[in-house]
Amino acid sequence: MLIARFILRLLATETTKVTFPSTRTRNVLETAQCDNHLIHYFSTTEHQRRSPFNSIYNLPNNKEVEPLHAQAIKNGSAQHQQVGNHLLNLYVKCSDLGQAQKLFDDITNRDVRSWTILITGFAKLGSTKLGLDLFAQMQYDGVCPNCFTLSSVLKCCSCLNDLRKGKEIHGWVLRKGVGSDVVLENSMIDHYVKFGNFDYARIIFESMSKRDTVSWNIMIGAYLHIGVVDKSIDLFRRLPIKDVASWNTIIVGLMRNGSNVKALELLYQMGKVGPQFNNITFSIALAIFASLSLLELGRQIHGKVLRVGLLCDGFIMNSLVDMYCKCGKMDRALAISKKPPQGYDDMQSSNSVLWSSIVSGYVQNCRFEKAFKLFREMVCEGVEMDEFTLTTLASACANAGILEQGLQIHALIEKLGHKLDVFLGSAIIDMYAKCGSLDEARSIFIQTDSRNTVLWTSIISGCALHGQGRESIHLFELMLKEGIRPNEVSFVGVLSGCSHAGLVEEGHAYFRSMQEDFGIVPGVEHFTCMVDLLSRAGHLNGAEDFIYRNGISHISSVWKALLSASRLHKNIEMGKRVSDRLLELEPLSAGPYVLLSNIYATSHRWEEVAEARSMMEQRGVKKNPGQSWIQLKNQLHTFFRGDRSHPQATEIYSYLERLITRLKEIGYSIDTDLVTHDVEEEQKELILGFHSEKLAVTYALMSTPCGSLIRVMKNLRVCTDCHAFVKYTSKVMGREIIVRDPYRFHHFKHGKCSCGDYW
DNA sequence: TTAGGGTTAG
């Protein structure tokens, strides 16, 4: 109901109008009577330039300004202050700083406004160093700056991270008694906010004799920036006149603080009682709908955007594409992205955002091959590869487990000279960890200089993934020592580390500390880790008790963990009870049936095995087939259980048979308990012999040089027989073998596995 | 003063 009313209101709204040039500017020109062409320019083009949404479209083009300039030179008025300043303004507005500088040098009687226009131009267009140089020259020339000059100079200081210079300006203002000017005071507040000097900002805000909406908006934004959501909402409610920027600021700030639903509520309120939406509001609305996967509302905005002719706005278009990608509608996203935006000021960057959204969309939808194909196209078309795109690509390599491609992405990052910020750093650490190179992940971690919670969590989880529970704990403690506050994911990392290494006591302690010291309410993942920890360590009854005590018996993942451990510890009674519970919760998932039949098979209760299998068939539940893959020389080789489709299948099977004979000589015996069908011993041996990881390891042994590392990826957990098989193989063949299953890594070396047979 | 794409999880 709320949403429906919201949409109705939204569709009825009109949008803010912005015109250029302002009436004031036009009057200046008219009174100056400087040049017929200039007056003609403004009087005839204003209505043509009018666009309801964005001043970008109202900006002049330098091809239009140049004839005006030429005419003014002809009339001898260009070097005069009034006309000169106005032309200067036009050049700045069309971003032609070169011409602006030339003209500035030509103006004979420059006043404070001439200096200010150019300094403001430098500040707005990012040439902040030049802005400060010009300010120094202005002071040298003895020209006294006004409030507008100082405001732009402060902006330059903020961009250049020059807090000292900003403070100098502040001191200068206090000494000279420039007087209270709201624009200047706003800039000072903004400057201090950007440097995290929140107290200074608040002192200035509270001492202001007159505040405008901008002053309030900056403070609201500042509170949101430091995560003080309640205070920002309080300030927003007290704000007497809320303009469109006030609403946009609070809504986008809530979204960035993770309060998406609250942001949605305020957006609804804005539609009901607030000002008309502008293009920024639409962009924010699309981002909210994207993050909440509200496709229908996103579509409504799309319709509105089309009706008001906003689709050509680069920002809006990118937001729309991203919304469709995040809602899984890649075709819609691609269709929109085909139409290039018009009148956009930074095509290169906009294009990069667009490609990045689509690559990210493919990664989120697990279409890694498509993502890499797009990446290759981006390289061919010379699209700028920024940190955003590269982070997404690193994440794709991590999820697909393709180390070779990951190495290429890392090399590209270094070639382009990108610094590993927290995002890129975390993604690269995660990529190396998930591709099996924990040492490399550690070395990258050591090299990073700015580390936040996510970056620390990436390496902690990486260690857990490789079964290095002690190392996970060590890093977690180091993180605490450095004053970095763990979040809920950090605890999943350290708990799963404890679980993989059998560290029961430590796991319990962290689970308590998470709630008591950090106030984090345990979620499904934490509970699952705890049940896993307890049950794998053999405390099956304790784990079941934990489930009921914590009121989590409706969560299927905790029962799955317990069921898996019941099989590991061959506890049939528990296995039966747990699988019954699990089948009630998830009647259509294959896992419980397979685990249950495995439990019965372990005790040779073939009737029950058959019963479980037939129940599965009757309900139309299909088991996900076991699959392993390896990458050799840029080519993926995939194997299924009993697969004979590989061109070298005959050689692989004969090699495998010979290998098994050799392994048996040193003590390997096939664990026939694992076979889930009631078949003859010899037949069971054959079925086990065909498990996909055995085929993949065998093919790797045949195709790679002696002594080289073998990496195998697997979609299901490794069975105990294959685990033993790979252990013996690593000993007999003198090879290091890494197997990645969906939950962790196994490093096999000299006949031992890094998991210590505990997985 | 406000807008778009990025990282960690049984």
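Quick caveat, the model's predicted, so the values are computed rather than measured.

Peer 1: Looking at this model, I keep getting lost on the overall build of chain A. Mind explaining?
Peer 2: For chain A, the helix and strand inventory stands at 40 helices and six strands. Counting across all 759 residues of chain A, residues that qualify as buried make up 52%. Within chain A, counting contacts between residues at least 6 apart in sequence, those at least 24 apart form 64% of the total. As displayed, chain A offers around 35500 Å² of accessible surface, 52% of which is attributable to carbon and sulfur atoms.

Peer 1: How should I be thinking about the nonpolar core in this particular structure?
Peer 2: The biggest cluster of nonpolar side chains holds 185 residues, and the ones touching the most others in it are Ile-189, Ile-250, Ile-251, Ile-288 and Leu-562. Residues Phe-639, Leu-659, Val-718 and Val-726 belong to the second largest nonpolar core, which totals 31 residues.

Peer 1: What exactly am I supposed to notice about the protein's contact with DNA strand B here?
Peer 2: DNA strand B sits among 55 residues. The nearest are Asn-217, Asn-248, Arg-256, Asn-318 and Asp-386. In this structure, Glu-387 approaches DNA strand B through a main-chain N or O atom, which is 3.5 Å from a base nitrogen. No other element matches the seven residues that helix 21 (residues 347–364) contributes to the surface near DNA strand B. Across the surface near DNA strand B, the residue classes tally to 18 nonpolar, 24 polar and 13 charged.

Peer 1: How should the UniProt feature "repeat: PPR" (unreviewed entry) in chain A be read in this particular structure?
Peer 2: In this numbering, the UniProt entry assigns the feature "repeat: PPR" (unreviewed entry) to residues 111–145, 212–246, 351–385 and 452–486. End C-alpha atoms of residues 111–145 are separated by 10 Å, and the span's content is 74% helix alongside 0% strand. Across residues 351–385, helical content stands at 77% and strand content at 0%; the span's end C-alpha atoms are separated by 10 Å.

Peer 1: Is there a simple way to explain the side chain of Ser-566 in this structure?
Peer 2: Examined against the element boundaries, Ser-566 turns out to sit in helix 33 (residues 556–568). Taking the relative accessible area as the measure of exposure, Ser-566 reaches 0% and is therefore buried. In this view, Ser-566 contacts Leu-540, Asn-571, Met-574, Gly-575 and Ile-599; residues no more than four positions away in its chain are not counted.

Peer 1: Help me understand the pairing of strand 3 (residues 710–714) in this model?
Peer 2: Consecutive residues of a regular strand have side chains that alternate between opposite faces of the sheet. Counting buried positions along strand 3 gives four out of five residues, so the element sits mostly inside the fold. Bridging between strand 1 (residues 627–632) and strand 3 involves two bridges; their strand directions are antiparallel. If you follow Trp-629 over to strand 3, its bridge partner there is Met-713. Once you follow strand 3 into helix 40 (residues 720–733) and on to strand 4 (residues 737–740), the crossover reads as right-handed.

Peer 1: What is the right way to read the domain arrangement of chain A from this model?
Peer 2: Quoted interface sizes are often the accessible area lost when the parts come together. For chain A, the domain assignment lists domain 1 (522–623) and domain 2 (627–753). On a C-alpha basis, the centres of domain 1 and domain 2 stand 27 Å from each other.

Peer 1: Got a minute to help me understand the packing of aromatic side chains in this structure?
Peer 2: Aromatic ring pairs are reported here in terms of the distance separating the ring centres and the angle at which the planes meet. Scanning the entire structure with this criterion turns up 17 aromatic pairs. When the ring centre of Phe-205 is taken as origin, the NZ or CZ atom of Arg-211, which lies over that ring, is 4.4 Å away. We note Lys-242 situated over the ring of Phe-236; from NZ or CZ to the ring centre the distance is 5.3 Å.

Peer 1: Hey, could you run me through the confidence of the model for chain A in this one?
Peer 2: Note: predicted coordinates in regions of low pLDDT should not be interpreted at a detailed level. Here chain A averages 84 in pLDDT, while 88% of its residues score no lower than 70. Counting contacts from residues 1–36, a segment whose pLDDT is below 50, to residues more than four positions away or on other chains yields 65 contacts. Low pLDDT, under 50, characterises residues 39–58; the stretch is placed with 46 contacts to residues that sit more than four places away or in other chains.

Peer 1: Teacher, can you tell me more about the sheet that holds strand 1 here?
Peer 2: Within a sheet, neighbouring strands are paired by backbone hydrogen bonds and run either parallel or antiparallel to one another. The six strands lie next to each other as 2-1-3-4-5-6, forming an open sheet whose pairing is mixed. Of all the strands in the sheet, the pair left with one neighbour each is strand 2 (635–640) and strand 6 (752–753). Here strand 5 (residues 745–749) pairs with strand 6 via two bridges, running antiparallel. Residue pairing in the sheet places Lys-749 in a bridge with Lys-752 of strand 6. On top of the sheet, helix 39 (residues 692–703) reaches strand 1, strand 2, strand 3 and strand 4; it is set at about 15 degrees to strand 1, its chief contact.

Peer 1: It is not clear to me how unusual backbone geometry should be interpreted in this structure. Could you clarify?
Peer 2: When glycine is set aside, most residues are seen to have a negative phi, and most peptide bonds are trans. Unusually for a residue other than glycine, Cys-366 sits at a positive phi of about 60 degrees. Checked against the element boundaries, Cys-366 lands in the loop between helix 21 and helix 22 (368–380). Of note, the phi angle at Lys-570 is positive, near 50 degrees, even though the residue is not glycine. Its location among the elements puts Lys-570 in the loop between helix 33 and helix 34 (572–585). Judged by its relative accessible area of 55%, Lys-570 is exposed.

Peer 1: Before we go on, may I ask you to explain the state of the cysteines in this structure?
Peer 2: In a disulfide, the sulfur atoms of two cysteines are covalently bonded to one another. Counting across every chain of the model gives zero disulfides. The thiol of Cys-147 is not disulfide-bonded; the next cysteine sulfur, from Cys-144, is found 9.7 Å away. Of all cysteine sulfurs, the one in Cys-753 lies closest to Cys-755, which takes part in no disulfide; the gap is 3.5 Å. With a relative accessible area of 6%, Cys-755 lands in the buried category.

Peer 1: I'm lost on the pairing of strand 5 in this one. Help?
Peer 2: Two strands pair when backbone bridges link them, and strand 4 and strand 5 are joined in this way by four bridges, in the antiparallel orientation. When the sheet's bridge partners are listed, Val-739 is paired in strand 5 with His-746. Counting the residues that bridge the hairpin from strand 5 to strand 6 gives two residues, and of these His-750 lies at a positive phi of roughly 45 degrees.

Peer 1: Honestly, helix 40 in this entry has me stumped. Any pointers?
Peer 2: Because an α-helix completes one turn every 3.6 residues, residues spaced three or four positions apart along the sequence face the same direction. Here helix 40 contains 14 residues, and its C-alpha end-to-end distance of 20 Å stays within 8% of the 20 Å for a straight helix at 1.5 Å per residue. Taken together, the buried positions of helix 40 are occupied by Asp-721, Cys-722, His-723, Phe-725, Val-726, Lys-727, Thr-729 and Ser-730.

Peer 1: Sorry if this is basic, but what is going on with the pattern of salt bridges here?
Peer 2: Oppositely charged side chains may form a pair once their charged atoms are brought near each other. Counted by the stated rule, this structure contains 26 salt bridges. A salt bridge links Lys-419 to Asp-449; the nearest nitrogen and oxygen atoms lie 3.3 Å apart. Here Asp-449 lies in the loop between helix 26 (438–447) and helix 27 (453–465) and Lys-419 lies in the loop between helix 24 (403–415) and helix 25 (422–434), a separation of 30 residues in the sequence. Just as Lys-419 is exposed, Asp-449 falls in that class too. In this structure, Arg-577 engages Glu-573 in a salt bridge whose closest nitrogen and oxygen atoms are separated by 3.8 Å.

About the cut-offs
- Residues numbered from 1 in each chain as written.
- Chains lettered and ligands numbered in written order.
- Predicted model: local features only at pLDDT ≥ 70, side-chain atom pairs only at ≥ 80, totals over all residues.
- Heavy atoms only, no water.
- Helix = DSSP H or I, 4+ residues; strand = E, 2+ residues; numbered from the N terminus.
- Buried < 20%, exposed > 50% of the residue type's maximum accessible area, 1.4 Å probe, protein only.
- Contact = heavy atoms within 4.5 Å.
- Areas by Shrake-Rupley, 256 points an atom, 1.4 Å probe, with all protein chains shown as cover.
- Core = buried A, V, L, I, M, F, W, Y, C linked by side-chain atoms within 4.5 Å.
- Near = heavy atom within 4 Å.
- Polar contact = N/O pair within 3.5 Å; in protein donor to acceptor, adjacent residues only side chain to side chain.
- Nonpolar A, V, L, I, M, F, W, Y, C, P; charged D, E, K, R; others polar.
- UniProt positions renumbered as here; feature names shortened; annotations may be inferred.
- Pairing = 2+ DSSP bridges.
- Right-handed = clockwise from strand over helix to strand, strands pointing away.
- Domains from an automatic or database assignment.
- Phe/Tyr/Trp six-rings, centres within 6.5 Å; stacked < 30°, edge-to-face > 60°.
- Lys NZ or Arg CZ within 6 Å of the ring centre and 35° of its normal.
- pLDDT = per-residue confidence, 0-100.
- Axes fitted to C-alpha atoms, helices over the stretch in contact; angles between N-to-C directions.
- Disulfide = S-S within 2.5 Å.
- Expected span 1.5 Å × (residues − 1).
- Salt bridge = Lys/Arg side-chain N within 4 Å of Asp/Glu carboxyl O.

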